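Take a look at the letters that make up each chain.
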Amino acid sequence: MHTHHTPGPWAVDTTGYRTTGNGLCVMAGRECIAVAGESNPDQPQFANAKLIAAAPLLLEALKDAEQRMRSQLSLLKCDDEFIAHETAMARAAIAADTN
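Between its first and last C-alpha, helix 1 (residues 45–75) extends 44 Å over 31 residues, near the 45 Å set by a 1.5 Å rise per residue. In helix 1, a bend of some 50° at Ala55 exceeds every other bend along the element, and Pro56, a proline, comes one to four places later. Among the residues of helix 1, those classed as buried are Gln45, Ala49, Ala53, Pro56, Leu59, Lys63, Glu66 and Leu73. The first or second residue beyond helix 1 is Lys77, which carries a positive phi of 65°.

Quick look at the structure:
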């Protein structure tokens, strides 16, 4: 599967840099790749930025968990239809990035 996002790791900017409108940058190295809370200063900007920054790590963890779940269900001799049903939500979330 090919991913279309900027490779991680991502991090919330801690240098104090702010975009126009007081948004927080999510950084990939020295590049601001996303802005959290720019249009609505009442939103929990830092929490949103932290969640966005965690996205690459969460995606890799989900891919690993889906593969492990598929393997364990196969070892338990579950049929393909059951395995597909039980892993559908994880595969849909993974596909959101890889399609």
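Alright, that's what it looks like, and here's the rest.
For the coordinates displayed, the defined rule picks out one disulfide. Across the disulfide from Cys25 sits Cys32; the S-S distance is 2.3 Å. Taking the sign of the S-S torsion, -90° for the link of Cys25 and Cys32, the bridge is left-handed. By relative accessible area, which is 32% here, Cys32 ends up partly exposed.

Attention now goes to the sheet that holds strand 2 (residues 24–28). The strand order across the open sheet formed by three strands is 1-2-3, and the pairing between neighbours is antiparallel. Each of the sheet's edge strands pairs with one partner strand only, and the pair in question is strand 1 (11–12) and strand 3 (31–36). Contacting strand 1, strand 2 and strand 3, helix 1 crosses the sheet at an angle of about 20° to strand 2.

Turning our eyes to something else, we now look at the confidence of the model for the protein chain. Confidence in the prediction for the protein chain averages 83 pLDDT; 82% of positions are at 70 or higher. Across the protein chain, element-level confidence peaks in helix 1 with a mean pLDDT of 91 and bottoms out in strand 3 with 84.

This part takes up unusual backbone geometry. A cis amide bond links Gly8 with the next residue in sequence, Pro9, at an omega value of 0°. Mapped onto the elements of the fold, Pro9 is located in the segment before strand 1. A positive phi angle, close to 65°, is found at Lys77, a residue other than glycine.

With that settled, the discussion passes to the pairing of strand 3. Summarising the sheet, strand 2 and strand 3 pair through five bridges and their orientation is antiparallel. Across the sheet, Val26 pairs through a bridge with Ala34, a residue of strand 3. In textbook terms, the turn of a hairpin is the stretch between consecutive antiparallel strands, and for strand 2 and strand 3 this stretch comprises two residues, one of which, Gly29, has a positive phi near 70°.

All right, on to the nonpolar core then. Counting residues in each nonpolar core, the largest one holds eight residues, listed as Trp10, Val12, Leu24, Val26, Ala28, Ala36, Ala49 and Ala53. Looking at this core, the elements with two or more residues in it are strand 2 and helix 1. Take this core: its biggest share by element is three residues, from strand 2. Ignoring anything within four residues of it in the chain, the contact list for Ala36 reads Gly23, Leu24, Gln45, Asn48, Ala49 and Ile52.

Next up on the list: the environment of Thr6. Considering the arrangement of structural elements, one finds Thr6 in the segment before strand 1. According to the relative accessible area criterion, Thr6 is partly exposed, its value standing at 31%. Residues Thr6 and Ala28, 22 residues apart in the sequence, show an inter-C-alpha distance of 7.4 Å.

About the cut-offs
- Residues numbered from 1 in each chain as written.
- Predicted model: local features only at pLDDT ≥ 70, side-chain atom pairs only at ≥ 80, totals over all residues.
- Heavy atoms only, no water.
- Helix = DSSP H or I, 4+ residues; strand = E, 2+ residues; numbered from the N terminus.
- Expected span 1.5 Å × (residues − 1).
- Bend = angle between axes of the 7 residues up to and from the residue.
- Buried < 20%, exposed > 50% of the residue type's maximum accessible area, 1.4 Å probe, protein only.
- Disulfide = S-S within 2.5 Å.
- Pairing = 2+ DSSP bridges.
- Contact = heavy atoms within 4.5 Å.
- Axes fitted to C-alpha atoms, helices over the stretch in contact; angles between N-to-C directions.
- pLDDT = per-residue confidence, 0-100.
- Core = buried A, V, L, I, M, F, W, Y, C linked by side-chain atoms within 4.5 Å.

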